[in-house]
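# A look at the structure
Letter by letter, the chains look like this.
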Amino acid sequence: MAILVLGGAGYIGSHTVAALCEAGRDVVVVDNLETGHKEAVHPDAKFYQGDISDHDFISGVFRKENISSVIHFAAYSLVGESVEKPLKYYENNLCKTRDFLAAMVENGVDKIVFSSTAATYGEPERVPILETDRAEPTNPYGETKLAMEKMFKWTANAYGIRYVSLRYFNASGAHTSGDIGEAHSPESHLIPLILQVPNGQREFISVFGNDYPTPDGTCIRDYIHVTDLAMAHILAVDYLEKGGESDIFNLGNGVGFSVKEVIETARKVTGHPIPAKEVARRAGDPAQLIASSEKAKRVLGWNPRQDSLEEIISTAWKWHQAHPNGFEK
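The structure presented is a predicted model; accordingly, all values stated were derived computationally and were not measured.

### Focus: the environment of Val-262
Turning to its location among the elements, Val-262 is positioned in helix H8 (residues 259-270). On a C-alpha basis, the gap between Val-262 and Ala-232 in space is 24 Å, while along the polypeptide they are 30 residues apart. If sequence neighbours within four positions are ignored, Val-262 has contacts with Leu-190, Ile-191, Ile-194, Tyr-223, Phe-257, Leu-309 and Ile-313.

### A closer look at the pairing of strand E4 (residues 67-72)
Among the six residues of E4, six are classified as buried, and the element is accordingly described as predominantly covered. Judged from the three bridges that link them, E4 and strand E5 (residues 111-117) form a sheet pairing that is parallel. Along E5, the bridge assignment pairs Ile-71 with Val-113.

### Let's talk about the pairing of E5
As a general feature of sheets, a regular strand has side chains that alternate between the two faces. Buried residues dominate E5, accounting for seven of its seven residues. Burial along E5 is two-sided: the residues Lys-111, Val-113, Ser-115 and Thr-117 and Ile-112, Phe-114 and Ser-116 are all buried. Each parallel crossover has a hand, and for E5 linked through helix H5 (residues 140-159) to strand E6 (residues 162-168) it is right-handed.

### Some words on the nonpolar core
If you look at the biggest cluster of nonpolar residues, it comprises 36 residues, and the most contacted ones within it are Ile-12, Val-27, Val-113, Val-164, Leu-166 and Leu-251. Secondary structure elements with two or more residues in this core: strand E1 (2-6), helix H1 (11-22), strand E2 (27-31), E6, helix H7 (226-241), strand E11 (247-251) and helix H9 (294-300). No other element matches the nine residues that H7 contributes to this core. Discounting chain neighbours no more than four positions away, the residues touching Leu-166 are Val-113, Phe-114, Ser-115, Ser-116, Thr-117, Ala-232, His-233, Ala-236, Phe-249, Leu-251 and Leu-300. The next biggest cluster of nonpolar side chains, apart from the first, holds 28 residues, and it includes Leu-4, Val-61, Phe-62 and Ala-156.

### Description of the pattern of salt bridges
Side chains that differ in sign of charge can pair as their charged atoms come close. Per the stated rule, a full pass over the model turns up 17 salt bridges. The residue Asp-211 makes a salt bridge to Arg-281 at a minimum N-O spacing of 3.0 Å. Taken together, the residues span a long stretch of sequence, with Asp-211 in the loop between strand E8 (205-208) and strand E9 (220-221) and Arg-281 in the loop between strand E13 (276-279) and strand E14 (288-289) at a distance of 70 residues. Residue classification places Arg-281 among the partly exposed residues on the basis of a relative accessible area of 43%. Residue Glu-310 pairs with Lys-268 through a salt bridge whose shortest N-O separation is 3.2 Å.

### Points about the sheet that holds E4
Hydrogen bonds between backbone atoms are what pair the strands of a sheet, whose relative direction is either parallel or antiparallel. Read across the open sheet, the seven strands follow the order E3-E2-E1-E4-E5-E6-E11; overall the sheet is parallel. Each edge of the open sheet is held by one strand with a lone partner, namely strand E3 (46-49) and E11. Strand-to-strand, the axes of this sheet are offset by a mean angle of 20 degrees, without reference to chain direction. Note that E5 and E6 share seven bridges and pair parallel. The residue bridging Val-113 from the neighbouring strand is Val-164, located in E6. Set on the sheet, H5 makes contact with E4, E5, E6 and E11; between it and E5 the angle comes to about 160 degrees.

### Some points on unusual backbone geometry
In this structure, the amide linkage connecting Val-127 to the following residue, Pro-128, adopts the cis form with an omega of 0 degrees. Residue placement: Pro-128 occurs in the loop between E5 and H5. Phi angles above zero are rare outside glycine, and Leu-33 is one such case at about 60 degrees. Structurally, Leu-33 is set in the loop between E2 and E3. A residue is classified by how much of its surface remains accessible, and Leu-33, at 24% relative accessible area, is partly exposed.

Reading guide: rules and limits
Residues numbered from 1 in each chain as written. Predicted model: local features only at pLDDT ≥ 70, side-chain atom pairs only at ≥ 80, totals over all residues. Heavy atoms only, no water. Helix = DSSP H or I, 4+ residues; strand = E, 2+ residues; numbered from the N terminus. Contact = heavy atoms within 4.5 Å. Buried < 20%, exposed > 50% of the residue type's maximum accessible area, 1.4 Å probe, protein only. Pairing = 2+ DSSP bridges. Right-handed = clockwise from strand over helix to strand, strands pointing away. Core = buried A, V, L, I, M, F, W, Y, C linked by side-chain atoms within 4.5 Å. Salt bridge = Lys/Arg side-chain N within 4 Å of Asp/Glu carboxyl O. Axes fitted to C-alpha atoms, helices over the stretch in contact; angles between N-to-C directions.

Written out as structure tokens, the structure is:
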């Protein structure tokens, strides 16, 4: 039986595919390559290029491959863009997932692990955030992910599908081999943007807002290594395949670092001064997001291994030094 990975040519998806293949699992990848990179897909995985909303294409994949479970990474994820173009996000994230779920039901595939986000919480009630806390997103990206979670819930109730939603925090770092890593265009994540400075691709890093209610005035985030995230998805698949009930789990290290702290750690790792300039806040950015992952540890048996900020940035730096233009030759 194979695991179907939607968006398996993207950043987190490709690391999950690599981890699955390294564990000897049978993996099928579907990606339309709009933002993904075929070069990032592990050579042992079977690759299909196409869109998850294309019913005939997806049904063909289900007919050809013996799929037991699905891991779903196929979504847009730029907070700022979602504020500017909300309908684009509802169409791609929500409507296309609806179409895919219909194909799942039709083809009798009943287990799915979903890549969700801490953005479902909005401004948190408390820190660290628990899965039972209020979910009130502050941007359309978070709203679409929350709507997707609710769609999974009602689809599960109606058709017997079981799902796990993984709400994770700031994915970061790269595979220890240095062969795959983060390559977005445009790039919006803090660590790769910072590393563009010592890589000679930008003169300084912008700090968006210095007046947040945090110790140094900059946003605080929980950074989780992408390989640890990949392992959580595999554990979630195993949980469902062993009969586990539908559930939602946070994934994070439980420790928050401010933007200024991340920049300072990057200076230490790279040996570069990395100039920073303070600019206005971005719309939709909560002040502080830190996860409680106790439930994932207890139920899934998940334990982050690469949990120091210095180690996370070191693996990212290894990738970006060797691949300054991502997967472009």
